[in-house]
Structure formats: structure tokens, C-alpha cells
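One letter stands for each residue in the lines below.
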Amino acid sequence: MKLITGMSLLELMIAMAILAILLGVSMPGYKQLLDQREGDLTLRKLADSIMLARSIAAKTGQFVSLCPSQYDLLCEGDWNDGYLVFNDADRNRKIENEDQILLRVDHTGLRGSIQWRAFQKAKTLQISPLGFIAGQSGNFTYCPEDRNPANAAQLVINQTGRVRLAVDKDRDGFREDSQGKPLSC
């Protein structure tokens, strides 16, 4: 007959100490991975929305706009709250009577922040029926909650409406903007 024995309190404490050390070593890397993943996913969702807006603008022959939205039907707030995609029949970058909301994206729970920077400083991104960005190009930059630039991400949009994510070309651990400078938060 085989006896089943348990662990002694000392063995259990040693195992717990080893586990705590392993968790302590791996947690900073895990948080960095989560921050990078949140930025990439947020900006990819935004890129998908821009591509959808370009497609709808080309298909309908109307201007389509994206605007930050804190509330469901108004272009107010900032990009951290979420955004709306709508057909902009009168091209005034506001949702009015004949305009229709095509998509609502909510950023509830977003731990980082999103900034839109454009040459004309318009808060609304407007897309022509040809798929071009009307009068501006720019970028969306995601910064994680701890503002660590190593975990920042950027979506670059040129005037023709093409989008791309910033990459770390020189492999120094920081993604570069369109001028080759490391992203900053």
C-alpha cells in the first residue's frame, strides 16, 4: 500500500516564494505587451473605420466624415471617448438633418489616450467621394496610460486617404513618425 504525503509548510513557503519571484520578473513585460496591444488594436479599429468611410464615400458619391464623439449623436468630446462615422451631405463636418450615422465606436475602458494631429487642425476627418482626405493629412497617436513612448503607436494618414501604422525602422525600441523621429507621449 502506497502512502500519500502532503507538502510541509516549509516546502509550501519555498514554492510560493519562487512563484512570487517569477511573477515579479514577468509582470513588467506583460504590462508592456498589454499596452502595445491596446494601442495597436485601437488604431487598427480606427484604420478599419477610415477604410469603411472611404468605401462608402466612393460607393455613394457623398462626403463621409469621422468625428470624435462623447455622446451618441454629437461631434463633441475627444477621440478618447469614441467617434462617429457619418455621411456628410452638406460637407459642413456636423451631423444635421439629412446626415446619417453609419458607425459608432465607443472607447469605454481605454486606458491610454488618442490624439489627432492634422495640418489644418480640424477635429473632424472628412473623406471625399474619391477617397481623399479633404484638405488635410495627419496622424492619430496612441499613448499608454504611463506615457511610456516605447509603447506608443501611431496611425499615419496621407492626403490620398491611405493609412499605415508607424513602425520601428531603426530597431531601437521606439516607433518612428513620418519624419523618422521617435514617437513621444
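Heads up: the structure comes first, above all this text.
Values in this document were obtained by computation on a predicted structure and should not be read as measured data.

Asker: So what exactly am I meant to see when it comes to the pairing of strand 1 (residues 64–68) here?
Answerer: It is a general feature of regular strands that their side chains alternate between the two faces of the sheet. Counting buried residues in strand 1 gives five out of five residues, a clear majority hidden from the surface. Residue alternation in strand 1 divides its side chains into two sets, Val64, Leu66 and Pro68 and Ser65 and Cys67, and both sets are buried. Note: strand 1 against strand 2 (residues 82–87), five bridges, orientation antiparallel. Across the sheet, the residue bridging to Leu66 is Val85, located in strand 2.

Asker: Quick question: what am I supposed to make of the state of the cysteines here?
Answerer: Working definition of a disulfide: a covalent bond connecting the sulfur atoms of two cysteines. Tallied over the full model, the rule gives two disulfides. Each sulfur in the disulfide pair Cys67 and Cys75 lies 2.0 Å from the other. Residues Cys67 and Cys75 share a disulfide whose torsion about the S-S bond is about -70 degrees; that sign makes it left-handed. Cys67 sits in the buried class, given a relative accessible area of 0%. Between the sulfur atoms of Cys143 and its disulfide mate Cys185 the distance is 2.3 Å. Residues Cys143 and Cys185 are joined through a disulfide that is left-handed, its torsion about the S-S bond being -100 degrees. One end of the pair, Cys143, is in strand 6 (residues 138–143); the other, Cys185, is in the segment after strand 8 (163–165), with 42 residues separating them in the sequence. Classification of Cys143 as buried rests on a relative accessible area of 4%. Each disulfide of the protein joins two cysteines, and with those cysteines numbered along the sequence the arrangement is 1-2, 3-4.

Asker: Quick question: what am I supposed to make of the layout of surface pockets here?
Answerer: Think of a ball as big as a water molecule: rolled over the atoms, this probe shows where empty space is left. One number sums up the size of the largest pocket: a volume of about 360 Å³. The wall of the largest pocket is formed by 17 residues, among which Asn139, Gln154, Asp177, Ser178 and Gln179 lie closest to the centre. Within the residue set of the lining of the largest pocket, elements represented by two or more residues are strand 4 (113–118), strand 6 and strand 7 (153–157). Across the lining of the largest pocket, the residue classes break down as six nonpolar, nine polar and two charged.

What counts and what doesn't
Residues numbered from 1 in each chain as written. Predicted model: local features only at pLDDT ≥ 70, side-chain atom pairs only at ≥ 80, totals over all residues. Heavy atoms only, no water. Buried < 20%, exposed > 50% of the residue type's maximum accessible area, 1.4 Å probe, protein only. Helix = DSSP H or I, 4+ residues; strand = E, 2+ residues; numbered from the N terminus. Pairing = 2+ DSSP bridges. Disulfide = S-S within 2.5 Å. 1 Å grid on protein atoms, 1.4 Å probe; cavity = no way out; pocket = protein on both sides within 12 Å on 5 of 7 lines; lining within 4 Å. Points joined across faces, edges and corners; volume = space filled by probe spheres on them. Nonpolar A, V, L, I, M, F, W, Y, C, P; charged D, E, K, R; others polar.

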